[in-house]
Amino acid sequence: MKVVLPDSSELELPDGATGLDAARAIGPKLAEQAVLVRSNGTVRDLRQPLDDGQQIQILTTRDKDDPDALYVLRHSAAHLLAEAARRVYPGTKVAIGPPIENGFYYDFEFPKAVGEEALERLEEEIRRELAEGREWERWEVERDEAKRYFEQEGEPYKVELVDTAEGSISFYKQGDFVDLCRGPHLQDSKPIKAVKLLSLAGAYWRGDETKPQLTRVYGTAFYDPKDLEAYLHRLEEAKRRDHRRLSKELGLVDFSELAPGMPFWHPRGMVIWNVLEDLRRRENAKRGYVEVRTPQLYDSDLWRTSGHWDKFRENMFTLEVEGREYGLKPMNCPGHCLLFAQAPHSYRELPLRLAEAGNLHRNELSGTLHGLLRVRHFVQDDAHIYCTPEQVEDEVLGCLDYAFYLYELLGLDVSAELSTRPENRLGTDEEWDQAEAALAAALDRQGLAYRIGQGEGIFYGPKIDMHMSDSLGRSWQISTIQLDFQMPARFGLRYQGDDNAEHTPVMIHRALLGSLERFIGIYLEHTGGDLPLVLAPEQVRVLPVSDRFRAEAESLADDLRVHGFRASVDERDETLGRRIRDAELYKIPYVVFWGERESLESLAVRKRGGDQLTVSWETLLSELQAAAKV
Ligand SMILES: [Zn+2]
Ligand SMILES: [Zn+2]
């Protein structure tokens, strides 16, 4: 038999050869470092036989950042954890232990409840296992034999897993621990250079709350200790920047148990909101959008026409009034289609760009709510553009230009992705060809490099998504520009063409910052709360150095306000040191002092995170004006 290597060369192997045999045939070094076989996007254990003609790639310890290579390492680390748990806490029953994004976990039923100290004890035992060294052995067993084995070991969860396992059953063994497992696993434990157990949590067996509660131990592992260090550092940073903490500390947003997933915007938070809202209004007007306002609540007939009743009902809040069924809008589009249909249209009016920052409700599961990032009540900087097929490219280009104007203003690093026709779709191939070409042409004209998400478009049309990468290297989807041929047809929308015939317009859904709630949450984490002057709720705080200077401090702040800045005076009877510290806690960009030595020619100014400087009033003002420009 033969297999095909990544450089397209062919490798002759004896029949039944495994991935490890292939690695050996290439070179002893490769065989030693090999961790996994990858073939057309699927992974396979090195110990398993290859197929004739198969394309293979052998991953090694040098692929230390490859998600599949990390996956096999972390899965192997999870088995070490299970071995450790059984030894450190005799009588422990083991359940499941998969690798997950950024790490792994294992669920156990400990003989007695354990606390945080277990993490240290288990980790120490894993380190001992690593020092001793472990090798993984793999073999297949008959179902009955597998059951007998786990019954005899006193492992009821594994017995249950054998019962429900599909296909052939394989065992993996390292040390004295045997696990029911599909693999793949490392050859041995040498590549595991760093393991860290991170936390404990309760988890019901099979996620079912009527079943026993187990203890889930979370951990992570890497090929390089430096990568673990960097990861732990990122975790710390993420905690420090958690927008839920920041929005409380900075007095922006709060929540109540009485309105789960629905933010309360405090005055400071509202300042940020309104800056974004003003920006949206001004740019919309400049760019030929018109503003509309449509209802919150619609008869279920509307949602049947739009298709939401079929596809999205579980995510909607519904209610009954006078025997009629209603749903709160989760999106603005169906309402905009009704509005469009309320008047006849000629091609001369197109494109028609309808903007509405409407209140939207989505019934997200309470367990998935997460501060501002996942809410039940939100507002998007939403708009729908109705246009002719010929106008699509220019309209999409206009959206891209608008989006990048905002990114630049807010200092965001953004990349684009074009999602093309999915397998399940409505519309003809011809329509899709045309639509995808129009989106690609707009991206090219905007001069954007973009990824292609093959088959990731929505059933009603292709789309462009924009992803922002934040200061911790995390990626967030923020903008979306979606073509839709279906909704205008479902609502029977028409315009009169220059041929005097009736045509169906194309609809473009676009939201550029997305939900403002979510955007502000992301932006807080991105900046760590150090908002740029434009968005800072309080831009300048004036501190009179003592009582005697209150009046002058007030008039300085007044002057700043006259110039359009958000300025205040901290005239509390606290010490100056205390008042400086408070201004720092609120992350106020500029603190200006006023006392004996200060004058308009020489002001003492402290910039956020910087030293104290002496500048003139003129200089300060022009610096503020430049920084606050939108
Ligand atoms: Zn496993
Ligand atoms: Zn829409």
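Each remark here, short or long, concerns the structure printed above.
Procedures and definitions
- Residues numbered from 1 in each chain as written.
- Chains lettered and ligands numbered in written order.
- Predicted model: local features only at pLDDT ≥ 70, side-chain atom pairs only at ≥ 80, totals over all residues.
- Heavy atoms only, no water.
- Axes fitted to C-alpha atoms, helices over the stretch in contact; angles between N-to-C directions.
- Helix = DSSP H or I, 4+ residues; strand = E, 2+ residues; numbered from the N terminus.
- Parallel < 35°, antiparallel > 145°, perpendicular 65-115°, else oblique.
- Left-handed = near helix turned anticlockwise from the far one by under 90°.
- Contact = heavy atoms within 4.5 Å.
- Nonpolar A, V, L, I, M, F, W, Y, C, P; charged D, E, K, R; others polar.
- Patch = residues over 30% accessible without salt bridge, like charges linked within 9 Å, V, L, I, M, F, W, Y side chains within 5 Å.
- Areas by Shrake-Rupley, 256 points an atom, 1.4 Å probe, with all protein chains shown as cover.
- Salt bridge = Lys/Arg side-chain N within 4 Å of Asp/Glu carboxyl O.
- Donors = N, O, S within 2.8 Å, 3.2 Å for Na, K, Ca; no water.
- Buried < 20%, exposed > 50% of the residue type's maximum accessible area, 1.4 Å probe, protein only.
- Lys, Arg positive; Asp, Glu negative; His and termini not counted.
- Charge placed at Lys NZ, Arg CZ, Asp CG, Glu CD.
- Disulfide = S-S within 2.5 Å.
- Right-handed = clockwise from strand over helix to strand, strands pointing away.
- Pairing = 2+ DSSP bridges.
- Phe/Tyr/Trp six-rings, centres within 6.5 Å; stacked < 30°, edge-to-face > 60°.
- Lys NZ or Arg CZ within 6 Å of the ring centre and 35° of its normal.

(A) Just the packing of helix 3 (residues 67–88) against helix 4 (residues 117–132), in detail. Where helix 3 meets helix 4, the axes come as close as 9 Å, and the angle between the chain directions of the two elements is 115 degrees. What the angle tells us is that helix 3 and helix 4 run roughly perpendicular. In the crossing of helix 3 with helix 4, the sense of the turn from one axis to the other is right-handed. Along the contact surface, helix 3 presents Leu80, Leu81, Glu83, Ala84, Ala85, Arg87 and Val88, while helix 4 presents Arg121, Leu122, Glu125, Ile126, Arg128, Glu129 and Leu130. Class assignment for the residues of the contact of helix 3 with helix 4 results in eight nonpolar, no polar and six charged.

(B) Region of interest: a nonpolar patch on the surface. A cluster of nonpolar side chains, contributed by Leu297, Leu319 and Val321, occupies part of the molecular surface with about 200 Å² of accessible area. Residue placement: Leu297 occurs in strand 17 (residues 297–299).

(C) Expanded view of the coordination of the zinc ion (ligand 1). Within the first shell, the zinc ion (ligand 1) binds the protein through His75 (NE2), His79 (NE2) and Cys181 (SG), at distances of 2.1 to 2.4 Å. Mapping the donors of the zinc ion (ligand 1) onto the primary sequence yields the spacing H-x3-H-x101-C. Pair noted here: His79 is in helix 3 and Cys181 is in the loop between strand 11 (177–180) and strand 12 (194–204), with a separation of 102 residues, a long-range link. Across the pair, exposure class does not vary: His79 and Cys181 are buried alike.

(D) Layout of a negative patch on the surface. A contiguous patch of negative charge, built from Glu10, Glu12, Asp15 and Asp52, is present on the exposed surface. Relative to the helices and strands, Glu12 is located in strand 2 (residues 10–12).

(E) The coordination of the zinc ion (ligand 2), seen in detail. Protein coordination at the zinc ion (ligand 2) comes from Cys333 (SG), His384 (NE2) and His509 (ND1), with a distance range of 2.1 to 2.4 Å. Between consecutive donor residues of the zinc ion (ligand 2), the sequence gaps follow C-x50-H-x124-H. Here Cys333, found in helix 12 (residues 333–341), pairs with His384, found in strand 22 (residues 377–387); they are 51 residues apart in sequence, far enough to count as distant. Taken as a pair, Cys333 and His384 share a single burial class, namely buried.

(F) Inspection of the environment of Asp144 at higher detail. By secondary structure assignment, the location of Asp144 is in helix 5 (residues 143–153). On the basis of relative accessible area, Asp144 is assigned to the exposed category, the value being 53%. Along the chain, Asp144 and Val159 lie 15 residues apart, while their C-alpha atoms are 9.9 Å from each other.

(G) Here's a closer look at the state of the cysteines. Tallied over the full model, the rule gives zero disulfides. Between Cys387, a cysteine without a disulfide, and Cys399, which holds the nearest cysteine sulfur, the sulfur-to-sulfur distance is 9.2 Å. Given a relative accessible area of 0%, Cys387 falls into the buried group.

(H) Unusual backbone geometry, seen in detail. Along the chain, Gly183 connects to Pro184 via a cis peptide bond; the corresponding omega equals -5 degrees. Among the structural elements, Pro184 can be located in the loop between strand 11 and strand 12. Residue Pro351 is bonded to the preceding Leu350 through a cis peptide linkage, with omega at 0 degrees. Following the sequence through the fold, Pro351 ends up in the loop between helix 12 and strand 20 (352–356). The backbone phi angle of Asn40 is positive, close to 45 degrees, even though this residue is not glycine. Tracing the backbone through its elements, the reader meets Asn40 in the loop between strand 3 (34–39) and strand 4 (42–44). Asn40 sits in the exposed class, given a relative accessible area of 66%. Of note, Glu322 is a non-glycine position whose phi angle comes to about 45 degrees, a positive value. Along the chain, Glu322 turns up in the loop between strand 18 (318–321) and strand 19 (324–328).

(I) Inspection of the pairing of strand 30 (residues 540–544) at higher detail. Counted residue by residue, strand 30 has five buried out of five residues, so it is predominantly covered. Covered by surrounding structure in strand 30 are Val540, Val542 and Pro544 together with Arg541 and Leu543, the residues of both alternating faces. A crossover connection joins strand 30 to the parallel strand 31 (residues 567–569) through helix 17 (residues 550–562); in handedness this β-α-β unit is right-handed. Bridge count between strand 30 and strand 32 (residues 590–594): five bridges; the pairing is parallel. By the bridge assignment for strand 32, Leu543 is matched with Phe593.

(J) Highlighting the sheet that holds strand 34 (residues 612–615). One open sheet holds the five strands; their spatial order is 31-30-32-33-34, and the pairing between them is mixed. Bordering the open sheet on either side are strand 31 and strand 34, each of which pairs with just one other strand. With strand direction ignored, the average angle separating the axes of adjacent strands in the sheet is 30 degrees. With four bridges joining them, strand 32 and strand 33 (residues 603–607) adopt antiparallel strand pairing. Each bridged residue has a counterpart across the sheet, and for Val591 the counterpart in strand 33 is Arg606.

(K) A look at the sheet that holds strand 9 (residues 137–141). Read from one edge of the open sheet, three strands run 9-10-11, paired in antiparallel fashion. Each having just a single partner strand, strand 9 and strand 11 make up the two edges of the open sheet. Averaged over neighbouring strand pairs, the angle between their axes works out to 25 degrees when direction is ignored. Note: strand 10 (residues 169–174) against strand 11, four bridges, orientation antiparallel. In the sheet register, Phe171 faces strand 11, and the bridge partner there is Leu180.

(L) Expanded view of the environment of Met1. Within the fold, Met1 resides in the segment before strand 1 (2–4). Residue classification places Met1 among the buried residues on the basis of a relative accessible area of 17%. When neighbours within four sequence positions are excluded, Met1 is seen to be in contact with Leu11, Glu12, Leu13, Pro14, Asp15, Gly16, Ala17, Leu50, Asp51 and Asp52.

(M) Region of interest: the packing of aromatic side chains. Tallied over the full model, the rule gives 17 aromatic pairs. Summarising the aromatic geometry, the rings of Phe459 and Tyr460 are spaced 5.3 Å apart at their centres and angled 75 degrees between planes, so their arrangement reads as edge-to-face. Under the relative-accessibility criterion, Tyr460 is labelled buried at 14%. Aromatic rings pair up to connect Tyr89, Tyr106, Phe108 and Phe110 into one cluster. Directly above the ring of Tyr405 sits Arg287, whose terminal nitrogen or CZ lies 5.3 Å from the centroid. Directly above the aromatic system of Phe459 lies the positively charged group of Lys311, at a separation of 4.7 Å from the ring centroid.

Remember, this is a structural readout, not a statement about activity or role.
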